[in-house]
Amino acid sequence: MFDKNVAETLVEQQERLTSEASWYHRNKEEIAMVAELFNEAGITVTRASMGGKCVDLSIAGTKETLETIFKIFRNRGYAPSDRPDEDDRVGFSCFWNHPDFECRWWLSFTSTVCHRVQVGTKMVEQPIYEVRCE
């Protein structure tokens, strides 16, 4: 016979899985719609997963890719939990929430366009030599 804690754990896991499956079935049309819009826009999702009643997306691309993602979500009525700023040069992440859907999205975006930029200068002590003859 199972230990009571093991049995309780298994029941809790089953309830969680049943709840997440129900969530998916209620939201699968919206998930499919967003996926289709991403496909039509040529956005490649590098990783996608679902859990905790949220769809997690990892996407890499250019500034224009991120702008297209914002446009797609906003046109569907979603609002971001954050917006990129000057400090978000390498990556950006936020939740997308909709007032009418319980479907929540987590976006983790990484830039594929990186280049070396001078951000300042520094003074360095360096010995100076010259040729002198006797």
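Just so we're clear, the structure is a prediction, and the values are computed from it rather than from any experiment.

Cut-offs and rules
- Residues numbered from 1 in each chain as written.
- Predicted model: local features only at pLDDT ≥ 70, side-chain atom pairs only at ≥ 80, totals over all residues.
- Heavy atoms only, no water.
- Helix = DSSP H or I, 4+ residues; strand = E, 2+ residues; numbered from the N terminus.
- Rg over C-alpha atoms; globule rule 2.2 N^0.38 Å.
- Contact = heavy atoms within 4.5 Å.
- Core = buried A, V, L, I, M, F, W, Y, C linked by side-chain atoms within 4.5 Å.
- Buried < 20%, exposed > 50% of the residue type's maximum accessible area, 1.4 Å probe, protein only.
- Phe/Tyr/Trp six-rings, centres within 6.5 Å; stacked < 30°, edge-to-face > 60°.
- Lys NZ or Arg CZ within 6 Å of the ring centre and 35° of its normal.

Trainee: Help me out: how do you make sense of the overall build of the protein in this one?
Mentor: Summing up its helical and strand segments, the protein has two helices and five strands in all. The order of α-helices and β-strands along the protein, N terminus first, is α-β-β-α-β-β-β. Relative to its length of 134 residues, the protein is extended, with a C-alpha radius of gyration of 25 Å against a globular reference of 14 Å. Each principal axis of the C-alpha distribution contributes one length, and for the protein these read about 100 × 45 × 25 Å. Residue pairs at least 24 apart in sequence account for 49% of intrachain contacts in the protein once pairs closer than 6 positions are excluded.

Trainee: I would appreciate a short explanation of the nonpolar core in the present structure.
Mentor: Within soluble globular proteins, side chains that are nonpolar generally end up buried alongside one another. The biggest cluster of nonpolar side chains holds 21 residues, and the ones touching the most others in it are Phe38, Ile59, Ile69, Phe73, Trp96 and Trp105. At the level of secondary structure, the elements contributing two or more residues to this core comprise helix 1 (4-41), strand 2 (54-61), helix 2 (63-75), strand 4 (91-97) and strand 5 (104-111). Looking at this core element by element, the count peaks at five residues for helix 2.

Trainee: Sorry if this is basic, but what is going on with the packing of aromatic side chains here?
Mentor: Aromatic ring pairs are reported here in terms of the distance separating the ring centres and the angle at which the planes meet. Summed over the entire model, instances satisfying the criterion amount to eight aromatic pairs. Ring geometry for Phe38 against Phe73: centres 5.7 Å apart, planes inclined by 80°, an arrangement best described as edge-to-face. Taken together, the residues Phe38 in helix 1 and Phe73 in helix 2 connect sequence positions 35 residues apart. The residues Phe38 and Phe73 share a single accessibility class, namely buried. Above the ring of Phe95, the side-chain terminus of Arg104 is found at 3.6 Å from the ring centroid.

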